[in-house]
Every structure is written in structure tokens, then in C-alpha cells.
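Notes for the structure review
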There are 2 protein chains.
Amino acid sequence: MPETAKRSFPHNFSPGPGAIPEVVLAETREALREVPGTGLPLLGLGHRTPWFRSIVDEAEAHVAALLGLGPDHRVLFLQGGASLQFTMIPLCFLRGRGRSADYLRAGYWSAKAVPEAEREGRVKLAWDGRPGGYARLPSDGELTLDPGAAYFHYVSNETVEGLQFDRVPGLDAVPRCCDMSSDFLARPLDCSRFGLIYAHAQKNLGPSGVTVTVIRRDLLEAIPAGLPPMLDYRAQAEAGSVYNTPPVFAIYVTLLVLRWLRHEIGGLAEMEKINRAKAAAVYAALDAAPELYRLRAPRDQRSTMNATFTVPTPELEARLLAEASDAGITGIEGHRSTGGFRVSLYNAVTLDSARVLAGFLGDFTRRHG
Amino acid sequence: MPETAKRSFPHNFSPGPGAIPEVVLAETREALREVPGTGLPLLGLGHRTPWFRSIVDEAEAHVAALLGLGPDHRVLFLQGGASLQFTMIPLCFLRGRGRSADYLRAGYWSAKAVPEAEREGRVKLAWDGRPGGYARLPSDGELTLDPGAAYFHYVSNETVEGLQFDRVPGLDAVPRCCDMSSDFLARPLDCSRFGLIYAHAQKNLGPSGVTVTVIRRDLLEAIPAGLPPMLDYRAQAEAGSVYNTPPVFAIYVTLLVLRWLRHEIGGLAEMEKINRAKAAAVYAALDAAPELYRLRAPRDQRSTMNATFTVPTPELEARLLAEASDAGITGIEGHRSTGGFRVSLYNAVTLDSARVLAGFLGDFTRRHG
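**Side note on the sheet that holds strand β5 (residues 152-155) of chain A**
Residue and element names in this part refer to chain A. Taken together, the seven strands give an open sheet; going across it, the order is β2-β10-β9-β8-β5-β3-β4, and neighbouring strands pair in mixed fashion. Sheet topology places β2 (73-78) and β4 (123-128) at the edges, where each strand pairs with a single neighbour. With direction set aside, neighbouring strand axes in the sheet form an average angle of 20 degrees. Across three bridges, the pairing between strand β8 (residues 176-179) and strand β9 (residues 196-200) is parallel. Residue pairing in the sheet places C177 in a bridge with L196 of β9. Contacts from helix α3 (residues 81-93) reach β2, β3 (101-105), β5, β8, β9 and β10 (211-216) within the one sheet, and its direction differs from that of β9 by about 160 degrees.

See the structure below:
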């Protein structure tokens, strides 16, 4: 048995919906009794109230402040997760434009975006990682980019494979549409280089059920008329993210996480330092036993958010899972498409939890390596 | 000042997101500490877990049991609210079918469905209440129904106007698609007469962010291939309502409400009795002062869910709102499109709360009638 002390609740490395900061969980429990200043519980508060408008406005302001956004960008809170963004982007920016879009297919999630775009127009693959089993990301020299493309779509962190870009690929002349679902607000970001960024909340931001989109105003204004309003960024922006009844609970908890990120953590540079320390601790324990832990990603493309690896035999895999569970460690199973292990280190996972996991991996090496 | 005793929290007649049963709020607070049997807080539990599968399965089973559904119907949990259903229905059942669809335009919400269908195909209005200001519902004899229509769409309870059907309009030979967002599971229902029923959760079922759809299997099977999976009922059904990350929190709380409805209330017939008693108490207080309270709906079409009325002057309106607030009564403002008052009496509003409101309305009459 590992020596790691058991806590009253497990160290949660879930790939999403992921852990929520302890302080936010406590505030959420209290809000279910009464939201400060309203006299009512969080469930039962209307969305057409000055209170909810102030919640959305404050959440937008925190995102804008964390990212240093200027008036050129709008922040939206939408429903349907990244999967509905896969449809909305080509509907708004590809259909009927007489141009093609460049898509980078470099992992499970960026691959899922491609057929959704192909329903609406012509897609060119700027690079295709599928023949190589999504084992690595491309270099800039490998990309085939069309300067006349309607937009360029990629995924900044391939959460299933554990691959993360440490640069911004693409041409500055072509609007970048980036799925940052698994690393949004986990590090500083120069939004001026993006036309549209989207991220569902349930990894770094809050509960599942809400998706944050940051969109440049000139793209908003170019959306053609006549689209279904629920799938139209412009209609959603004109309605201030309240076109229809929004997920009030998920947006409120996201606001609490944004306050925590800004005021308790201290912003994205501080968050990145913590995230790098967490990843360093876990990768060091994995690297110390290369025969036991077989990492998927090339060293310079390793994700700070998701460390993915396999062990040599099914017996060791089962043993690692069981001993982790005994050690109060949960959520480390790999994605159903790959098997193996995936350790997710999203913003709310503490450095303490990462160190506990690293210690456990070291202990496991000593017993079974 | 009215004599109604002040409670620690208001009597909430919100039009939605509406009140949640007290016992469910308490269970939800506890689940944010730890969901029974999981060792983890509700926020942080993954959706690709046996636990979450059991939550969806149990929620489906409760809906099926409450409605007496047989194997001909499927229950789905979707995102995007009724507004996204307005788009999904014509996308799946009208586009490219070479047939038109019949729509009943009888209020604010059924009117919003019409342009969404017109994007995808030809729409015939089976009846149009707009010229009459949506003051009443049609009789069966007034409907113009096409026996060759792809489907017939209507809204069972027009929540803005306070109009409710006490019958099932339409032809049995044409699939009925019914928006029951504001009276689903508030009374018994013969689902065999419907092809598709949908209801967002935030009135009678749970928090905002999840929509329940009951769909007949033959309609599912007739959906053409090639639609965006997020907008395709068949893809959602094949994925067991977990095509992408669902709103885990909203579905869990909906399950708690369904357990309460089935096991504490005792089912739909019992729920209807309570809802009728609530509505009777409120309408009696309104009817007692016809010069003061001017009801919108014809008597035989009054909604048991939403009582809508106006008072003669803006001064009385402001006074009623202020005195209601002092009496611990909230959420009674009318819809922004109509003004006046709307008292919503969804499932979680107690008979006690309805009686308190009725008492307040009587007191107000004595002071200002």
C-alpha cells in the first residue's frame, strides 16, 4: 500500500467535468441557500432580472480583464459545448462565402471539428496527424496554409493525446478560430491574434453546460442574416448572452471561479506558474521510470493540462488504478478512444494534489518498476 | 401593510427559472459536498462514468414511469432550451421532405417557433391568434389542418398570456410536436397522441440548462442522415443523451425533482390535484375583485400554471408590487412583452404559498379595491 495519507475526499484528476476550487464549492453551497443580496436561493432566480444581468456583466468583465481584451472583442456565454461550436463556426463563417477553410487535424478533438465544417463548405486540411496516430503536433514548416481561407481552425491543447501548442500557428492575415476548451485561462494569451476562441467551462472554468466564446467584432458584423438565432453569434451578442434562458447555475459558478482566478490566484501569469509546477512534478515522476511509464507526447509538445501515458501490461494498468484509488486518487483513466492513463491538471487541481500524485507514481515505481 | 407573516425566504412565483422543492435544494447542497456513493462533490464528477450513466438511466425511467411510456417512445436530455428545439424539429422533420408543416400560432412562444420552421421549409398556420392579440386559444372548429402535413406544432400552455389547452388539438394521423415547456409533468398526459414533446427543465422539472424531449421511435428512425449530430435527435438517442459533455448538475437536480414528483408527491394525478387547488385559490382571489384584477384569459382557457392579469393604473401596479415584496412575495411581474402581472404556479410552488398569495390579493382588494 502506498504511504500517501487518505483525505476525506479524493484528489480529483478528472478530464472533465473537472474539479472546482474548494472555496467556490463552499460559496456555491451557500448560494443554494441564498445568493448574497437577493434573498433567494440560486435555483429559482430569474434570468430576466437586474441581478442576473449583473452576473453576466461581471463574468464578461473578468474574462476581459484576465485576457486584457480591448473593445475589439466580445465575450459570450453559450450552450451546447465545443461540439455545437463545431457547427456554429462554419455556419456563420463558411457557408455561402465562396471560400474554403483551413483545418488542422492533429488529435481526437480537432478531427471531430472537420466533418461539421464539411457540411457547410469546403475544408482543406492544413496538416493531418491521423496517419501518424496523432502522436505529435506539426512544425510551422509542415503546415499548408491558404492566405485566402475564410478562417483557420485548430485546437490549442489536444486533451485526449496530451499534446499542447506552445505557439500560435497560422497566418495573421487569416482569422484564427481556436478551440481552447482544455487550456483556456490556464496561461496568458494574446487574444489580438485570434478571431474567435471558444472553451466549454467544465475543464478550467466551471460546471458543464456553459461555453465561453471570445469573438472579434468585425467577425460578428460579417455574419450573414437569416441564421437560426441560437446558432448565430451575432444574435447571441445582441441579446447579451441571454437570447433564451441561459444556464443560470453554470454561469454563476463560472463567475465565482473567475473571481477566484483573478483575485485569489492573481491572474493568468500566476496561474501558469502553478500549472507549470504541477506538470513538472507529475512529468518528473513519470520520466524517472521510462520503462514503466510510457509517455505519448514528444517532450517539447507535452501538455501542461493532460499527461497521458501507458504501462506495459494490462495487469500493471489494473494494479495502478486500484492502488491509486486506495491512495485517494481518482479520474486518471485514459480517454475511451486510447485507453491507458490521462492525468488532468486543470486550474482547480492544487499543487498539493499534483505532488501527492507524483509521490504515488514514485512509490508505484519502487514497488512495480 | 398586509398581515401575511414574513418568512425567512420569499414565496417565489418566478416564471422561470422557477422555484425548486425545498427538499431537493437541501439534497443538492449536500451533493455539492458529496454525491451519495461516489466520494466526490457533484461538480467534478465525470460524465463518462458508470455513476452518470445510472443518473441518466434513472431519470429516463422516472419520466417513462410518470407518463406511462411504452417502448415506442424515447426520453432524451438535451441542451439549448426550447429555442434550440424550434430549430431541431424542422431540421429533422421538415427540411427536404417535400411537405409542409402545420403550426398553431396562439401566443408569444408558439409565434417564436414559426420563423425557425420557415427557414427549413413551408409552414402553414393552422390558426393565427396574432391579429386578436393572443387573447384566446382557438376551438377545434377554427383549425385548418392539413392531413398531409409533415407534423403539427403547438404549445400546450402559453406561459406569457396564461392560456392553456385542456384538450389535445390536431389530427391523430399527423405527428404532433408539442412544446410543453411550461406544463410538462404538471398533469397526466396521454403520450401516445404525440410524436414529440419537449420541455426545458426550468419551470416544472429542475434548473435551466437541460431540456427533456420525449420522441416516438418511428420519428427518430425517419430522420435523414447527414445532420449536425448536436441538432439530430437520432444521434443524441444513439449516444444515450451523452453525445458530448451534458449539463451534469442540471440533469442530477432534475433527477432529484423527478424522484420527489414520483415518490413524495405520488405522481401526475396527485400533482394535478395540487396544481388545481393552487390555481383555484389564486383565481378565486382575482375573481373576487373584477374591477381591480383584470384577467387576460377567457375563463375556460385559464392556465393552471400562469395566472396573468393587469390592474387599472400604473400607480396601483407599483403599489401591488411593493406591498407584495413587503409580504414576502416575489416573481409576479408580467412578461416584458405584456407588462402587468404573471403569477407562476409551477410544480414546486406549494399550496401554502398559493394561499398566502391569495390572502395577500384579498387584503390588497380590501385596501385598494
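**Considering the relation of the copies chain A and chain B**
The two copies are related by a screw operation: chain A maps onto chain B through 180 degrees of rotation and 0.0 Å of translation along the axis, at an RMSD of 0.0 Å. Here the symmetry operator amounts to a two-fold rotation axis. No C-alpha of chain A approaches the rotation axis more nearly than that of R29 of chain A, which lies at 2.6 Å.

**Brief notes about the domain arrangement of chain A**
Residues and elements named next belong to chain A. Taken domain by domain, chain A consists of domain 1 (25-265) and domain 2 (267-368). Taking only C-alpha atoms into account, the centre of domain 1 sits 27 Å from that of domain 2. Facing the 26 residues of domain 1 at the interface are 27 residues of domain 2. Taken together, the two surfaces of domain 1 and domain 2 that pack against each other cover about 2100 Å², and 55% of this comes from carbon and sulfur. By the criterion of area lost to domain 2, the three top residues of domain 1 are V160, Q164 and I265, representing 24% of everything that side buries. Our count for the domain 1 to domain 2 interface comes out at 14 residue pairs in polar contact (both at pLDDT 80 or more). Counting residues per element, the ones that place at least two in the side of domain 1 that touches domain 2 are α2 (50-67), β7 (163-164) and α7 (248-265). If you tally residues by element for the side of domain 1 that touches domain 2, the top one is α7, at four residues. In terms of residue class, the side of domain 1 that touches domain 2 is made up of 13 nonpolar, six polar and seven charged.

**Looking at the packing of helix α1 (residues 22-33) of chain A against helix α1 (residues 22-33) of chain B**
Orientation of α1 of chain A relative to α1 of chain B, taken along the N-to-C sense of each, is 175 degrees, at an axis distance of 9 Å. When the axis of α1 of chain A is compared with that of α1 of chain B, the two are roughly antiparallel. Two secondary-structure elements touch here, α1 of chain A through L25, T28, R29, L32 and R33 of chain A and α1 of chain B through L25, T28, R29, L32 and R33 of chain B. Grouping the amino acids of the contact of α1 of chain A with α1 of chain B by side-chain chemistry returns four nonpolar, two polar and four charged.

**So, the nonpolar core**
One finds F184 of chain A together with F184 of chain B to be the most contacted residues of the largest nonpolar core, which totals 126 residues. Ignoring sequence-local partners within four residues, the contact set of F184 of chain B consists of V63, L67, L189, I197, A199, N204, L205, V212 and V214 of chain B. Among the nonpolar cores identified, the runner-up in size contains 62 residues, and A101 and A237 of chain A together with Y198 and L231 of chain B belong to it.

**Focus on the environment of R99 of chain A**
All names here are of chain A. By secondary structure assignment, the location of R99 is in the loop between α3 and β3. In contact with R99, not counting residues within four places along its chain, are L94, R122, G148, A149 and A150. Of the polar contacts made by the side chain of R99, one reaches the backbone oxygen of G148; its length is 3.4 Å.

**Structural notes on the packing of helix α7 (residues 248-265) of chain B against helix α8 (residues 268-287) of chain B**
Residues and elements named next belong to chain B. As a packed pair, α7 and α8 sit with axes 8 Å apart at the nearest point and diverge in direction by 85 degrees. Comparing the axis directions of α7 and α8 gives the class roughly perpendicular. The residues of α8 that touch α7, namely those facing W260, L261 and I265, are L268, E270, M271 and I274. Its residues assigned to classes, the contact of α7 with α8 shows six nonpolar, no polar and one charged.

**Describing the pairing of strand β5 (residues 152-155) of chain B**
All names here are of chain B. The two faces of β5 match: F152 and Y154 on one face and H153 and V155 on the other face are all buried. Relative to β5, strand β3 (residues 101-105) runs parallel, the two being bridged by two bridges. Within β5, the residue paired with D102 across the bridge is F152. Across four bridges, the pairing between β5 and strand β8 (residues 176-179) is parallel. Counted as the bridge partner of Y154 is C178 from β8.

Reading the values: rules and limits
Residues numbered from 1 in each chain as written. Chains lettered and ligands numbered in written order. Predicted model: local features only at pLDDT ≥ 70, side-chain atom pairs only at ≥ 80, totals over all residues. Heavy atoms only, no water. Pairing = 2+ DSSP bridges. Helix = DSSP H or I, 4+ residues; strand = E, 2+ residues; numbered from the N terminus. Axes fitted to C-alpha atoms, helices over the stretch in contact; angles between N-to-C directions. Contact = heavy atoms within 4.5 Å. Least-squares fit on C-alpha atoms with pLDDT ≥ 70 in both. Domains from an automatic or database assignment. Buried area = accessible area lost by both parts, 1.4 Å probe. Polar contact = N/O pair within 3.5 Å; in protein donor to acceptor, adjacent residues only side chain to side chain. Nonpolar A, V, L, I, M, F, W, Y, C, P; charged D, E, K, R; others polar. Parallel < 35°, antiparallel > 145°, perpendicular 65-115°, else oblique. Core = buried A, V, L, I, M, F, W, Y, C linked by side-chain atoms within 4.5 Å. Buried < 20%, exposed > 50% of the residue type's maximum accessible area, 1.4 Å probe, protein only.

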